[in-house]
Each structure stands twice: as C-alpha cells, then as structure tokens.
Amino acid sequence: MDVNALDQYISKEIRKEVYVDHIKLFLPFYFGSGSTEPLCLVWDENEKLSDCGRTLSELEKRVGDLAPYMQNISNILNAYGSVTLESGRRFVVRDYQTCVSGEDEYKDYMGGLNMLLRVLTLVSISDVITVDEHGTVSICQNR
C-alpha cells in the first residue's frame, strides 16, 4: 500500500463523536479476524483517555482465562509508565508529559495517545508474544 492509499484509509476510518462530557474516538484498529467494531477510545472531561476495557475483553474472548497473561501485561505496563490498568479492565492515560517551547508549556496529549495505542497493540497479542521485565518483546515459541 502506498503512502497516499494508507493516508486515505486511515483518514476515512477515523471518526469522532463529541458529547458534553466526553469524546469518543473511533480508530481503524480491529481485534482479530472477523471483527467489525473498530477500537473506541474515550477522552473524558478530566483528561482521562481510556479503552473502556475493550482490549482485555477481546483478548479474553480469544484465550478464555487471562491469568496466564497477567505478568506479560504487567511487563508491558511497566515499559509504558504513563498507561495504567484501572479496575482490572480498562487501560488508561491520566498523566501527560509537559513539553516546553520557549516560554510556552503544554501537555503532550498525542504522546499519551501514542503510548496507549502501543500498550493496546501489545496487550491485544499477549497470547503470541512475551514481554520481559525490561520491555523487550519476543514471539512465543511454546504457546
């Protein structure tokens, strides 16, 4: 796929819904074969960005018991410190890096989104990869 085709695909597939207290951002990320629901991230009025538990729900559908994968998921979270697991289900970003440009300071919301997407991507394939305590990813040979 060339760059223009990729840009058109991504742009066409991104959708947002704006509400009084939150924004839903739909991205062209699908969980597994046959999945027709795109990933939906929610940005709330407290600047919390979340997957609303979708990633673990999709992994659980595929593997059943999540217990064998929790250490792997913990290692992923340790490697991407700004993303946390809330209520044992939702991946969340609450804290964003502060960037300084001259006298201006701003929060790096895109960096937070990037970290969340990295975590969701790795967690969604936790049944086929291993992530060690340093964040090194390798393909599972024995699963």
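Described in the following lines is the structure provided in the data block. Remember, predicted model here, so these are calculated numbers, not experimental data. (Residues numbered from 1 in each chain as written. Predicted model: local features only at pLDDT ≥ 70, side-chain atom pairs only at ≥ 80, totals over all residues. Heavy atoms only, no water.)

## Observations regarding the pattern of salt bridges
Applying the stated criterion across every chain, the model contains 9 salt bridges. Of the charged contacts, one joins Glu 86 and Lys 48 as a salt bridge, the two residues approaching to 3.8 Å between their closest N and O atoms. Of this pair, Glu 86 sits in strand β5 (residues 83-86) while Lys 48 sits in the loop between β3 (39-44) and β4 (49-50), and the two are 38 residues apart along the sequence. Here the two residues Glu 86 and Lys 48 agree in accessibility, since each one is buried. The partner of Glu 58 in a salt bridge is Arg 54, and the shortest N-O contact between them spans 2.9 Å. You can see Glu 58 and its partner Arg 54 sitting in helix α2 (residues 54-63), 4 residues apart, about one turn around the helix. (Salt bridge = Lys/Arg side-chain N within 4 Å of Asp/Glu carboxyl O. Helix = DSSP H or I, 4+ residues; strand = E, 2+ residues; numbered from the N terminus. Buried < 20%, exposed > 50% of the residue type's maximum accessible area, 1.4 Å probe, protein only.)

## Observations regarding the sheet that holds β4
Strand order in the open sheet formed by 6 strands is β1-β2-β3-β4-β6-β5, with antiparallel pairing between adjacent strands. Either end of the sheet is taken by a strand with one partner, and the two such strands are β1 (15-18) and β5. Pairing geometry for β1 and strand β2 (residues 22-27), over 4 bridges, is antiparallel. Each residue of the ladder has a partner; that of Lys 16, found in β2, is Leu 25. (Pairing = 2+ DSSP bridges.)

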